[in-house]
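# Inside the fold
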Amino acid sequence: MRSTSMKYLADNTAVEERQNAELQKKADMEELEQLEKTIFTGIETFLSVGVCLAEISKRKLYKLRGFSSFGEYCESQFNISRSHGYRQIAHAVTCQNIG
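Because the structure is a prediction, the values reported are computed rather than measured.

This part is about the overall build of the protein chain. When you go through the protein chain residue by residue, the secondary structure sums to three helices and zero strands. Order of helices (α) and strands (β) in the protein chain, N terminus to C terminus: α-α-α. Computed over the C-alpha atoms, the radius of gyration of the protein chain is 27 Å, more than 25% above the 13 Å expected from 2.2 N^0.38 for a compact globule of 99 residues. The principal-axis extents of the C-alpha atoms in the protein chain amount to approximately 90 × 30 × 20 Å. In the protein chain, the share of contacts with a sequence separation of at least 24, taken over all contacts with a separation of at least 6, comes to 42%. Carbon together with sulfur atoms contributes 57% to the accessible area of the protein chain, which is approximately 8,100 Å² in total. Charge separation in the protein chain, taken as the distance between the mean sites of 13 positive and 13 negative side-chain charges, equals 10 Å.

What follows covers the packing of helix α2 (residues 70-78) against helix α3 (residues 82-98). Packing of α2 against α3 leaves a shortest axis separation of 8 Å and a crossing angle of 100°. Considering the angle they form, α2 stands roughly perpendicular to α3. Contacts between α2 and α3 involve F70, G71, C74 and E75 from the former and R82, G85, Y86 and I89 from the latter. For the contact of α2 with α3, the per-class residue count stands at four nonpolar, two polar and two charged.

Turning our eyes to something else, we now look at the pattern of salt bridges. As enumerated under the stated definition, the model contains one salt bridge in all. In this structure, E55 engages R59 in a salt bridge whose closest nitrogen and oxygen atoms are separated by 3.3 Å.

Before going further, it helps to examine the nonpolar core. Core analysis: the largest hydrophobic core is formed by nine residues, namely L53, I56, Y62, F67, F70, Y73, C74, I80 and I89. Listed by contribution, the elements that provide at least two residues to this core are α1 (2-58) and α2. Among the elements that make up this core, the one with the highest residue count is α2 (three residues). When neighbours within four sequence positions are excluded, C74 is seen to be in contact with L53, N79, I80, S81 and G85.

This brings us to a nonpolar patch on the surface. A surface patch of nonpolar side chains, about 320 Å² in accessible area, is lined by I39, F40 and I43. Note that I43 resides in helix α1. What makes I43 partly exposed here is its relative accessible area of 44%.

So, how was this worked out
- Residues numbered from 1 in each chain as written.
- Predicted model: local features only at pLDDT ≥ 70, side-chain atom pairs only at ≥ 80, totals over all residues.
- Heavy atoms only, no water.
- Helix = DSSP H or I, 4+ residues; strand = E, 2+ residues; numbered from the N terminus.
- Rg over C-alpha atoms; globule rule 2.2 N^0.38 Å.
- Contact = heavy atoms within 4.5 Å.
- Areas by Shrake-Rupley, 256 points an atom, 1.4 Å probe, with all protein chains shown as cover.
- Lys, Arg positive; Asp, Glu negative; His and termini not counted.
- Charge placed at Lys NZ, Arg CZ, Asp CG, Glu CD.
- Axes fitted to C-alpha atoms, helices over the stretch in contact; angles between N-to-C directions.
- Parallel < 35°, antiparallel > 145°, perpendicular 65-115°, else oblique.
- Nonpolar A, V, L, I, M, F, W, Y, C, P; charged D, E, K, R; others polar.
- Salt bridge = Lys/Arg side-chain N within 4 Å of Asp/Glu carboxyl O.
- Core = buried A, V, L, I, M, F, W, Y, C linked by side-chain atoms within 4.5 Å.
- Buried < 20%, exposed > 50% of the residue type's maximum accessible area, 1.4 Å probe, protein only.
- Patch = residues over 30% accessible without salt bridge, like charges linked within 9 Å, V, L, I, M, F, W, Y side chains within 5 Å.

See the structure below:
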């Protein structure tokens, strides 16, 4: 009787472990999908920022805020350097050319 009880417990434990593993896999998949969604949204936003900065720079719209240069505008308005602003623009242009 004792060996039958031990086998039952072992079988039950194995079933529970498989169920837990399946639940964990499902939870991990849901988390992965959420992380990927965040990444896709971030990429879209990242590209939009570059496109907006390009338009502001090209049309010198920063002058409407009283700034004499694009770099001054970037530093004051967004706390980013002129070179970072231009890198954002370059990334957006590259992605537009690829896509």
